[in-house]
Amino acid sequence: TQCVSGCVCPHNQVLDGKGGCIAPEDCPCVHNGNSYNPGESIRVGCNNCTCRNRKWHCSEEPCLETCSVYGDGHYTTFDGKRFDFEGDCEYVLIQNYCSQQGMNQGTFRVITENIPCGTTGTTCSKSIKVFLGVSIFFNSFDGHSDVIQRTPGGKMPFQIRSMGIYLVVDTTVGLILMWDKKTSIFIKLSPSFQGHVCGLCGNYDGNGNNDFTTRSQSVVGNVLEFANSWKVSSSCPNANRTKDPCTANPYRKAWAQKQCSIITSEVFAKCHSQVEPNEYYQACVDDACACDTGGDCECFCTAVAAYAQACNEMDICISWRTPSICPLFCDYYN
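In short, a report on the structure.

The rules behind the values
Residues numbered from 1 in each chain as written. Predicted model: local features only at pLDDT ≥ 70, side-chain atom pairs only at ≥ 80, totals over all residues. Heavy atoms only, no water. Helix = DSSP H or I, 4+ residues; strand = E, 2+ residues; numbered from the N terminus. Buried < 20%, exposed > 50% of the residue type's maximum accessible area, 1.4 Å probe, protein only. Contact = heavy atoms within 4.5 Å. Pairing = 2+ DSSP bridges. Axes fitted to C-alpha atoms, helices over the stretch in contact; angles between N-to-C directions. Disulfide = S-S within 2.5 Å.

The next subject is the overall build of the chain. What the chain contains, in helices and strands, is seven helices and 19 strands. A burial count over the chain gives 47% of its 334 residues as buried. Of the contacts made within the chain by residues no fewer than 6 positions apart, 48% connect residues no fewer than 24 positions apart.

Taken in spatial order, the seven strands of this open sheet run β10-β9-β8-β19-β18-β17-β16, and their pairing is antiparallel. The strands lining the two open edges of the sheet, one partner per strand, are β10 (82–84) and β16 (158–163). On average, each strand axis in the sheet is inclined to that of its neighbour by 15°, with strand direction left out of account. Here five bridges tie strand β8 (residues 65–70) to strand β19 (residues 185–189), and the two strands are oriented antiparallel to one another. Across the sheet, E65 pairs through a bridge with L189, a residue of β19.

Another point: unusual backbone geometry. Phi is positive for Y204, close to 55°, though the residue is something other than glycine. Residue placement: Y204 occurs in the loop between β19 and α1 (223–228). You can call Y204 buried: its relative accessible area is 1%.

A few words on the state of the cysteines. This model, assessed by the stated rule, comprises 10 disulfides. The partner cysteine of C67 in its disulfide is C201, sulfur to sulfur 2.0 Å. Taking the sign of the S-S torsion, -75° for the link of C67 and C201, the bridge is left-handed. Of the two residues, C67 is situated in strand β8 and C201 in the loop between β19 and α1; the sequence distance between them amounts to 134 residues. Judged by its relative accessible area of 0%, C201 is buried. With no disulfide of its own, C27 lies closest to C29 among cysteine sulfurs, the gap being 9.0 Å. You can see C317 has no disulfide; the closest cysteine sulfur is in C311, sitting 9.6 Å from it.

Strand order across the open sheet formed by three strands is β5-β6-β7, with antiparallel pairing between neighbours. Among the strands making up the open sheet, the edge pair consists of β5 (41–44) and β7 (55–58). Strand-to-strand, the axes of this sheet are offset by a mean angle of 35°, without reference to chain direction. Pairing of strand β6 (residues 47–52) with β7, which is carried by four bridges, proceeds in the antiparallel orientation. Bridge pairing links C49 to C58 in β7.

Attention now goes to the environment of N34. Inspection of the secondary structure puts N34 in strand β4 (residues 34–36). The partly exposed category is assigned to N34, whose relative accessible area is 34%. It is 9.5 Å that separates the C-alpha atoms of N34 and K270, two residues lying 236 residues apart in sequence.

Everything listed here is a matter of coordinates, which is why it stays silent on function.
See the structure below:
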């Protein structure tokens, strides 16, 4: 119905923003700047939301939270706390062997090995070990996976499959691990483990302020004290702060800033209001400056892909890859 009397709608109707009048219950719902008509549904996290009477009505399934590690030691815990840590050792990402009285009562542990990936002292995650009663070892240099220890008898408590560029490990304990076979790791964990895990991924209790909990269960404010406490071998030296990679390699700074500006550009505009881009941009610049021993484009692509993945977690899919920017050979992955 067209509005009348100078765009004043009849009784019990409202403007639809397009010069027409509609009943209030026919108004759309808005998500991420997009309008959806009544009856339309969207996916938000692991839940379905349907537009009814101008409001979203969502299912309330418990969603798996994500811990991410990528590039030159960039971490985001299950509770959303971001930090950078560069240590040259093996570290516990997550485990449920946490209480001092019950160190043998846990069911899983994920360990990552960091090695130098540039001349400035930067390190990158290069291999993963998952302990689930069995031991799975992933070697990023050739991307293969080996089960190096089996529990006698019984069904294996995991399944390994490929999903695009990722190797995915689905476990029976409520943990999913995604790995790009290079330097990006995403761990998704069931809500049943809230408050019962520890490691570099934090304690998953909904409070990011206490994520820096050391192996001895002390909450500290210093990222080095926290992260060094989770090294697997005491023979490894404690990590110290490394110098700024763009200061160490000033000739790479302008290139890094230009390449990484895609994160703050219109390409990702739909995501900016949902996932703050500046921290990802700075991490991208640091990584692009640091990777000075080959693979410089790979470091840049990994950093941008990490932001794209964070957007995807918010149900915002961005097509950012082009034939000239981090292309993928889809025929191969298909």
